[in-house]
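Single-letter residue listing:
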Amino acid sequence: MSDFQEIERKWQQRWEDAEAFTVETDTSATKFYNLEMFPYPSGYGLHMGHIRNYAIGDAIARYKRLQGYNVLYPMGWDAFGLPAENAAIKHDIYPAEHTYNAIAQLKSSMERIGLSYDWSREIATCDPAYYKWNQWLFLQLYKNGLIYRDTATINWCPSCHTVLANEQVEQGQCWRCDSEIEMQKLEQWFVKTTAYADELVDDLEHIDWPERIKAMQRNWIGRSEGTVVIFPIVDTAAQLDVFTTRIDTIFGCTYVAIAPDHPLIETAQEQTDKQTAQKIRQFAETALKEQRFEKETTDKQGMFTGLYARNPATQEAIPIYVANFVLGTYGSGAIMAVPAHDERDFAFATAYDLPIRQVISQEGESQEPLQESYTGYGTLVQSGQFSGQESVTAIDTITDWLAEQNLAYHSVQYKLKDWLISRQRYWGTPIPAIYCDRCGIVLVPEEQLPVELPDDVSFTGEGNPLETSETFIKTTCPHCGQSAQRETDTMDTFFDSSWYFLRYCDPHNTQQPFDTDISNHWLPVDQYIGGAEHAVMHLLYARFFTKALRDLGYLSFSEPFQRLFNQGVVHKDGVSMSKSKGNVISQEHIEEQFGIDTGRLYLVSVASPEKDIEWDDSDIKGTYRSLKKLYSLADKPTTHQNDDKTLSKQHKAIADVTEYMEQFQLNKAVNTVLSFVDYLYNLETVPLPAAEAAALLANPFAPHASEELWEKLGNTPFASLQQWPSCLSEYIDPTYEAEDLFIETVYRDIREVSKLVQKYSHIKIIVAAEWRHALYRQIVSIGRQDDLIQQLMAHEQFRQHHDFTVKAAQRYQDNPGAIPTTLIGQKREQQVLEREKARIADTFGATVSLCKEEDAESKKKERAEPMKPAIVLR
RNA sequence: GCAGGGGUAGCCAAGUGGUCAACGGCGCAGGGUUUAGGACCCUGUCUCACAGGAGUUCGCCGGUUCGAAUCCGGUCCCCUGCACCA
């Protein structure tokens, strides 16, 4: 055990004993809800990928806590799921036992990282006290029509022995085990996510999420606006509805195509001779299979149905084809084909010798015959009374024209399908339903909840284990009291995770899943952290739940996660770190070698948190050195007097770290802290206030070292519960009597300086030479130019040492509201200098003399020596 | 195809109009210290120059600007997600 490891254990124990991070709901405090996606307790130890994730979340929580926010930072377990059940089958251990063992292990690992969770709010979804409320919510959603039972063609995973939601099928394969999905027709439970399709798309505008995730959700929901056109079928009373986004091309529609499972195929078979009907049926069946089992038809094929439709715009009779690439699951399962203006239709028309009629032209006149399709917009040609119109506007005018004849209407289509939540497995929340021979499907009354998972089941690997439990299945109908059977399907575990963030706010409530007022106080989550793999699963379902619960009156907000962050993955040897790939660096290894703080620092500092990183054994040694310096600050001689340079370094570090934290640039924040530590480490004697500031600045990233240093410097624990160090104006004691305050920090903090000048007029403020031009720039930009500039210009040194650009000044003058972007250049050509000199003089009415710095002092030397005060304001 | 994100020195990686020859880390080189090995500390690390300094760089080509890694247009390449979506 390394020394560091010993120190770390000590502080972890002290935090726990003191319940340092327990938080109370306090509606008068400013809240911050910081949340990491709760993990599935797998039973494996943590590796660097996990630790990076937690280190990032903890850094944010600690930072906000130090800033005085009332921080809710809970942790719990997404404890239901297949692996536990598979372990039961394989190793003859009950899923509950397996899961609770894994939770104990994971929790202890987390504690050894020093994460500042409020463990009093811990939850596990496999706890009946939790899943009772899954069932309760199920009932509420059911009552309000948001859960229903339906027969549908669904995705079946033969390896997991269960159905899956669309979101859990990736390229035709199971998201967990990569088995090929089979299609089956079954009666199942669905959640009506489509009821909120519009809002789920629109509200993406209002949340601070990575563009990538938003794009994925938009794409998944797949909203598409267009027109449904009605094609009457020739010689029958039937009609064919077709959805299109390009109604402007309707005059060029020379055939229509329907999906292989379209109901019109039956009509077609009735209308024709036996042989043809047989052929059509065969074609449709083959095509349908192809659609279900293959990703994409390689070969676009079709067959004439014998039916004709009347193009409502041209009144022509056009053939109806059945085609293998038309999907029954989207739109109305039929397309209007415009070969001249759609690539696929063009190829199809060419292959089947169908007419190609140009109706849009870029030149404004017809160019037939076309060599290829043109899919853009342009001017309509050969389009009756609409010829000459721009196709973009024709989308509306043609829709209106057809709508007047009841042949079209505006329509919105979605790719999103309702969420199938039935699972034919044991280790999940039992769906609270009962099948009664007399009453049909009856839901379990609220007062009988929870429906608990039984123990008397056998895990054979065949079928749903719940079906083996006599005690579970046999029940009585709540309606008629006759014997009845329980539903043996359980809920998709994503149901559990769709509202867990609400439970944390009020985790021990036995009367309801959560208290409305308390949830409204804490939510939405201010910072949510997790992997991008949940983009269209958990993140979509949780948004749906929030909106649904809002409309049921339980919540008064619409989005659960205001800000979302996706951390990058940790790679080793080019692939992501994972147990199954055998390339993990374990938590234990890092703890023993360097202490966990080193690991945390390294993982947070090595790159921007959203980027993937490549683990490098030798990289971490650099971080280890830095951490040692931090620890060793406690052993250096200290002084109570802070010197000007250190003070200025300190303020700059505080300002920078704060800014970086706000921008979620944790890597830069860490690097700033470490270089400040490095600076202090190189001093003979360390000013106490500076060392204390360093201890606090390091707290979010290396909390153990922070506490240790803080205590050794003579303070009372805990550093973790102190006030974040403030910079400049707040920091300075109004009675501060030092002669000069040396300010380097003004670069980023000129606003602070102005405040300071106003507040403490007795303090002389000195600006370092290197920063003067930046100061000048910022002064101009905040509109305090008049007095400050005058003072600056009055100062001999200021005038002498700098060359000015004047564009900025001029722009500022032309447009006083604008922020000038410009100022000084050191290597200016002489004539430019002269021009600028004149401008400056003009603009500010000051005399400017420009000198090149001919003196021999090298740049290096200048940097090595403490900077000389250059300007005195007041 | 649609959508999102990238291309910076040997490697990783900061850097969104002037404090940029470009933070930091790794690697490499020299020195110190210690040493069984290692670990640690300092210095250097685009090119030329003893140095002051000079030259040439941020995928490629153009443009805007007094000034571009940074802004604009074009182009090449890479990654990620969705993909028969009418």
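Source: prediction; values computed, not measured. (Residues numbered from 1 in each chain as written. Chains lettered and ligands numbered in written order. Predicted model: local features only at pLDDT ≥ 70, side-chain atom pairs only at ≥ 80, totals over all residues. Heavy atoms only, no water.)

**Q** It is not clear to me how the overall build of chain A should be interpreted in this structure. Could you clarify?
**A** When you go through chain A residue by residue, the secondary structure sums to 30 helices and 35 strands. In chain A, the proportion of contacts linking residues at least 24 apart, taken out of those at least 6 apart, comes to 73%. Working note: accessible area of chain A is about 38100 Å², and carbon and sulfur atoms make up 46% of it. (Helix = DSSP H or I, 4+ residues; strand = E, 2+ residues; numbered from the N terminus. Contact = heavy atoms within 4.5 Å. Areas by Shrake-Rupley, 256 points an atom, 1.4 Å probe, with all protein chains shown as cover.)

**Q** What exactly am I supposed to notice about the confidence of the model for chain A here?
**A** Interpretation of the predicted coordinates at a detailed level should be avoided for regions scoring low in pLDDT. Looking at chain A as a whole, its pLDDT mean stands at 80, while 82% of the residues score no less than 70. The complex model carries a pTM of 0.83, and its ipTM stands at 0.83. (pLDDT = per-residue confidence, 0-100.)

**Q** So what exactly am I meant to see when it comes to helix α19 (residues 619-632) here?
**A** Each α-helix winds once per 3.6 residues, and so residues spaced three or four apart point in a common direction. Here α19 is 14 residues long and its end C-alpha atoms lie 21 Å apart, about the 20 Å a rise of 1.5 Å per residue gives. Ile620, Thr623, Ser626, Leu627, Leu630, Tyr631 and Ser632 are the residues of α19 that are buried. (Expected span 1.5 Å × (residues − 1). Buried < 20%, exposed > 50% of the residue type's maximum accessible area, 1.4 Å probe, protein only.)

**Q** So what exactly am I meant to see when it comes to the nonpolar core here?
**A** Generally speaking, a soluble globular protein has its nonpolar side chains buried in company with each other. If you look at the biggest cluster of nonpolar residues, it comprises 170 residues, and the most contacted ones within it are Tyr33, Phe138, Phe495, Tyr500, Phe501 and Trp615. The element contributing the most residues to this core is helix α2 (residues 48-66), with 10 residues. Judged by nonpolar contacts, the second largest core, of 37 residues, contains Ile250, Leu264, Leu380 and Leu407. (Core = buried A, V, L, I, M, F, W, Y, C linked by side-chain atoms within 4.5 Å.)

**Q** How should helix α11 (residues 391-404) be read in this particular structure?
**A** Taking 1.5 Å per residue as the helical rise, α11 with its 14 residues ought to reach 20 Å, and the 19 Å between its terminal C-alpha atoms agrees with that figure. Of the surrounding secondary structure, the elements contacted by the buried residues of α11 are β10 (224-232), β16 (360-361), β17 (379-380) and β18 (408-413). Asn406, located one to two residues past α11, shows a positive phi value of around 60°.

**Q** I keep staring at the sheet that holds strand β21 (residues 433-436) and nothing clicks. Help me out?
**A** For sheets, the rule is that strands pair by backbone hydrogen bonds, running either parallel or antiparallel. Spatially, the four strands line up as an open sheet ordered β22-β21-β24-β23, and their pairing is antiparallel. Of all strands in the sheet, those bounded by a partner on one side alone are β22 (440-443) and β23 (474-476). Strand-to-strand twist in this sheet, taken as the mean axis angle between neighbours without regard to direction, amounts to 45°. (Pairing = 2+ DSSP bridges. Axes fitted to C-alpha atoms, helices over the stretch in contact; angles between N-to-C directions.)

**Q** Help me out: how do you make sense of a negative patch on the surface in this one?
**A** On the surface, Glu614, Asp616, Asp617 and Asp619 cluster together into a negatively charged patch. With respect to the helices and strands, Asp617 occurs in the loop between β30 (613-614) and α19. (Patch = residues over 30% accessible without salt bridge, like charges linked within 9 Å, V, L, I, M, F, W, Y side chains within 5 Å. Salt bridge = Lys/Arg side-chain N within 4 Å of Asp/Glu carboxyl O. Lys, Arg positive; Asp, Glu negative; His and termini not counted. Charge placed at Lys NZ, Arg CZ, Asp CG, Glu CD.)

**Q** Mind showing me how you'd approach the pairing of strand β14 (residues 317-323) here?
**A** Along any regular strand, the residues point their side chains to alternate faces of the sheet. Judged by how many residues are buried, β14 sits mostly within the fold: six of seven residues are covered. Sheet topology note: the strand β12 (residues 255-258)/β14 ladder contains three bridges and is parallel. Bridge pairing links Ile258 to Val322 in β14. Note: strand β13 (residues 302-310) against β14, six bridges, orientation antiparallel. The residue bridging Arg310 from the neighbouring strand is Ala317, located in β14. Linking β13 to β14, which pair antiparallel, is a turn of six residues; within it Gln315 sits at a positive phi near 70°.

**Q** What's the story with the state of the cysteines in this structure? I'm lost.
**A** Put plainly, a disulfide is one covalent bond tying together the sulfur atoms of two cysteines. Tallied over the full model, the rule gives zero disulfides. Its sulfur unpaired, Cys480 is 3.6 Å from the next cysteine sulfur, which belongs to Cys436. Exposure remark for Cys480: the relative accessible area of 27% places this residue in the partly exposed category. (Disulfide = S-S within 2.5 Å.)

**Q** Would you explain the packing of helix α18 (residues 596-605) against helix α23 (residues 703-712) in this entry?
**A** For the pair α18 and α23, the least separation of the axes is 8 Å and the interaxial angle reads 120°. One element, α18, and the other, α23, form an angle in the oblique class. Between α18 and α23, the contacting residues are Ile596, Asp597 and Arg600 on the first element and Pro703, His704 and Ala705 on the second. Its residues assigned to classes, the contact of α18 with α23 comprises three nonpolar, one polar and two charged. (Parallel < 35°, antiparallel > 145°, perpendicular 65-115°, else oblique. Nonpolar A, V, L, I, M, F, W, Y, C, P; charged D, E, K, R; others polar.)

**Q** Hey, could you run me through the packing of aromatic side chains in this one?
**A** For any pair of aromatic rings, the description consists of the separation of the ring centres together with the inter-plane angle of the planes. Applying the stated criterion to the full structure yields 47 aromatic pairs. For the pair Phe138 and Phe495, a centre-to-centre distance of 6.5 Å together with 45° between the ring planes defines the contact as tilted. You can see Phe138 sitting in helix α5 (residues 128-143) and its partner Phe495 sitting in helix α13 (residues 493-496), a full 357 residues away along the chain. Of the two residues examined, Phe138 and Phe495, each falls in the buried class. Summarising the aromatic geometry, the rings of Trp419 and Tyr541 are spaced 3.6 Å apart at their centres and angled 5° between planes, so their arrangement reads as stacked. Here Trp419, found in strand β19 (residues 419-420), pairs with Tyr541, found in helix α16 (residues 538-551); they are 122 residues apart in sequence, far enough to count as distant. Among the residues examined, Trp419 registers a relative accessible area of 0% and is labelled buried. Residue classification places Tyr541 among the buried positions, given a relative accessible area of 1%. Positioned above the aromatic ring of Phe472, the side-chain terminus of Arg486 is 5.9 Å from the ring centre. (Phe/Tyr/Trp six-rings, centres within 6.5 Å; stacked < 30°, edge-to-face > 60°. Lys NZ or Arg CZ within 6 Å of the ring centre and 35° of its normal.)

**Q** What is the right way to read the side chain of Arg550 from this model?
**A** With respect to the secondary-structure elements, Arg550 resides in helix α16. For Arg550, the side chain forms a polar contact with the side chain of Asp551, separated by 3.0 Å. In this structure, Arg550 is in contact with Tyr196, Glu199, Leu555, Phe557 and Ser558, ignoring residues within four places of it in sequence. (Polar contact = N/O pair within 3.5 Å; in protein donor to acceptor, adjacent residues only side chain to side chain.)

**Q** Please clarify how the side chain of Thr623 should be interpreted in this entry.
**A** Along the polypeptide, Thr623 turns up in helix α19. Taking the relative accessible area as the measure of exposure, Thr623 reaches 8% and is therefore buried.

**Q** Mind showing me how you'd approach the pairing of strand β24 (residues 483-486) here?
**A** Note: β21 against β24, two bridges, orientation antiparallel. Directly across from Tyr435, in β24, lies its bridge partner Gln485. Here β23 folds back onto β24 in antiparallel fashion, the turn holding six residues, of which Gly481 has a positive phi close to 80°.

**Q** So what exactly am I meant to see when it comes to unusual backbone geometry here?
**A** Of the consecutive residues Leu449 and Pro450, the connecting peptide bond is found in the cis state with omega at 0°. Backbone torsion omega between Pro717 and Phe718 reads 5°, so that peptide bond is classified as cis. Residue position: Phe718 is located in the loop between α23 and β33 (740-743). Although it is not a glycine, His161 sits at a positive phi angle of roughly 55°. Considering the arrangement of structural elements, one finds His161 in the loop between β5 (147-157) and β6 (162-164). With a phi angle near 60°, Asn406 is a residue other than glycine that sits in the positive phi range. Residue position: Asn406 is located in the loop between α11 and β18. On the basis of relative accessible area, Asn406 is assigned to the exposed category, the value being 63%.

**Q** Explain the environment of Arg176 here, please?
**A** Mapped onto the elements of the fold, Arg176 is located in the loop between β8 (173-174) and β9 (182-191). Sequence separation between Arg176 and Ser159 is 17 residues, and the spatial gap between their C-alpha atoms is 9.8 Å. Not counting residues up to four positions away in its chain, the partners in contact with Arg176 are Leu82 and Pro83.

**Q** Could you clarify how one ought to interpret the sheet that holds β12 in this entry?
**A** Read across the open sheet, the four strands follow the order β13-β14-β12-β15; overall the sheet is mixed. The sheet is open, and its two edges are formed by β13 and β15 (334-337), each paired on a single side. For this sheet, the mean angle separating the axes of adjacent strands, direction not counted, is 30°. Those strands touched by helix α10 (residues 343-352) are β12, β13, β14 and β15, and its axis lies near 75° from that of β15.

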